[in-house]
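One-letter residues, chain by chain:
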Amino acid sequence: MLPVNPPARLLMGPGPITADPRVLRALSTPLVGQYDPWMTTTMNETQELYRRVFGTANDATVLVDGTSRAGIEAALVSLLAPGDRVLVPVFGRFGHLLAEIAGRAGAEVHTIETDWGQVFTPAAIEAAITRVRPRVLAIVQGDTSTTMNQPLDELGVICERYGVLFYTDATATVGGNPLEVDAWGIDAVSAGLQKCLGGPSGSAPLTLSARAVAVLERRRSVEAGIREPGDDVSDDPIRSNYLDLAMILDYWGPRRLNHHTEAASMLYAANECARILLEEGRDAVVARHELAGRAMLSGVQALGLGVFGDVAHKMHNVVAVEIPDDVVGDEVRGSMLDDHGIEIGTSFGPLHGRVWRIGTMGYNARKDAVVTTLAALEHALRRAGHAVPHGGGVDAALDVYRVSATPRIPAEVLA
Ligand SMILES: *Cc1c(COP(=O)(O)O)cnc(C)c1O
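For clarity, every value in this text was computed on a predicted model and none was experimentally measured. (Residues numbered from 1 in each chain as written. Predicted model: local features only at pLDDT ≥ 70, side-chain atom pairs only at ≥ 80, totals over all residues. Heavy atoms only, no water.)

**Things to note about the site of the ligand**
No. 1: Thr67, Ser68, Arg69, Phe94, Val140, Gly142, Thr144, Asp169, Thr171, Ala172, Gln194 and Lys195 make up every residue found near the ligand.
No. 2: Residue threonine 67 places a side-chain N or O atom 2.6 Å away from an oxygen atom belonging to the ligand.
No. 3: A distance of 2.6 Å separates an oxygen atom of the ligand from a polar atom in the side chain of glutamine 194.
No. 4: Burial of the ligand by the surrounding chains reaches 86%, relative to a free accessible area of 390 Å².
No. 5: By residue class, the composition of the shell around the ligand is three nonpolar, six polar and three charged. (Near = heavy atom within 4 Å. Polar contact = N/O pair within 3.5 Å; in protein donor to acceptor, adjacent residues only side chain to side chain. Areas by Shrake-Rupley, 256 points an atom, 1.4 Å probe, with all protein chains shown as cover. Nonpolar A, V, L, I, M, F, W, Y, C, P; charged D, E, K, R; others polar.)

What follows is the structure, encoded as structure tokens:
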């Protein structure tokens, strides 16, 4: 039998993206038992790293083992008791997912919707909060299905005014777009590694404010078999065992109460993702994503392609490119993959067949990845019979990089 031997690919879709080689190395390091002092120290260190990634002092900052969806589900099933009202403003596929998960948790789900390609104003969200009076506002920050980045900075004050817990899914935005958990008054945030953090999917960093922890502690329950005298037993426990954040906090906390077996390799990966980001600096990483995103946007526009949605609210790390009428979207994507080894994304729901989604994130938010993708796209379009300007996309992207380049020798020295 042959070993697993994946093909060489440049992953330029909306995620997953090519993992940073440092993260792949971390994944292949030896396993250590979960109560080994080295491991518990590394878990504590990982919590501190993610406090910095999220911009929070929240003690309750942990990893949920599972993909980003596990983090979303952990937050919603733990914060919402059956019958609780939740408001979900939906501006894309992942908003529908929050509503679906909250509904399965037994919550009374209220949604407001806006057209795909748009975001909500704070006033629209405030009006819905005053009408619904939810316990939780659950909203996606960046919805990769539409590429829109919902402004969150004014929502914390609104939530505080009405006593609403504020949860956001920042899977696709953290690292590539500004996110300030404490400064923006966000009570619960979940994420994943496979977008701007440059890792594989399979670990969901999550943070909770003291206010959020107080809510889920009311349903805290210690399992029979590890329970000690005086431990909580709830008659209305959180409706998931694996994703019970009160239990997960007890496991990550000083008592280290047994829950699941830590997914050690994913912990190493998550730890390395955070280190890579913090070594470069949070602001520098966001700036790198902004630049790569602007170069890709400029490149596809210079190829004469339209861009979907309100570009002023576009996430830095993904662009939705309108598929020209004279080509079949999946054929062009196929030739990008087969002839160039580059993956770009298809789309969901109302955008299926209408746009490709091209990501510039994490390890791939790089000039060479941007221009290679644009060169291949130009070629694939021409081969499919669509006329495109020669070299236009690459030139436009390089122009963006050239204008933004900081000269290594200050201009006054050169003059
Ligand atoms: C990509 C993405 C996810 C991914 O969830 P997984 O469980 O890791 O597949 C979740 N939320 C948003 C907003 C995303 O863009």
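**Section: the environment of serine 78**
No. 1: Tracing the backbone shows serine 78 in helix α3 (residues 68-79).
No. 2: Along the primary structure serine 78 and threonine 29 are separated by 49 residues, whereas in three dimensions their C-alpha atoms are 33 Å apart.
No. 3: Those residues within four positions of serine 78 in sequence are excluded, and the remaining contacts are Glu73, Leu216, Arg219, Ile238, Leu243, Asp244 and Leu245.
No. 4: Polar side-chain contacts of serine 78 include one of 3.2 Å to the backbone oxygen of leucine 243. (Helix = DSSP H or I, 4+ residues; strand = E, 2+ residues; numbered from the N terminus. Contact = heavy atoms within 4.5 Å.)

**Notes on the pattern of salt bridges**
No. 1: This structure, assessed with the given rule, holds 23 salt bridges.
No. 2: Residue arginine 282 is joined to glutamate 180 by a salt bridge in which the shortest nitrogen-to-oxygen separation is 2.9 Å. With arginine 282 in helix α10 (residues 282-302) and glutamate 180 in the loop between β8 (165-169) and β9 (188-190), this pair connects stretches of sequence that are 102 residues apart.
No. 3: On the accessibility criterion, arginine 282 (24% relative accessible area) is partly exposed.
No. 4: A relative accessible area of 26% means that glutamate 180 is categorised as partly exposed.
No. 5: Note that glutamate 228 and arginine 255 form a salt bridge whose closest N and O atoms lie 3.8 Å from each other. Of this pair, glutamate 228 sits in the loop between α7 (210-217) and α8 (245-252) while arginine 255 sits in the loop between α8 and α9 (264-280), placing them 27 residues apart in sequence. (Salt bridge = Lys/Arg side-chain N within 4 Å of Asp/Glu carboxyl O. Buried < 20%, exposed > 50% of the residue type's maximum accessible area, 1.4 Å probe, protein only.)

**Some remarks on the packing of aromatic side chains**
Remark: the centre distance and the inter-plane angle together describe each pair of aromatic rings, the angle taken between the planes.
No. 1: Scanning the entire structure with this criterion turns up four aromatic pairs.
No. 2: Between the aromatic rings of tryptophan 38 and tyrosine 268, the centroid separation amounts to 6.0 Å while the plane-to-plane angle is 75°, which identifies the pairing as edge-to-face. Here tyrosine 268 lies in helix α9 and tryptophan 38 lies in helix α2 (residues 37-54), a separation of 230 residues in the sequence.
No. 3: Relative accessible area serves as the criterion here: at 45%, tryptophan 38 is assigned to the partly exposed category. (Phe/Tyr/Trp six-rings, centres within 6.5 Å; stacked < 30°, edge-to-face > 60°.)

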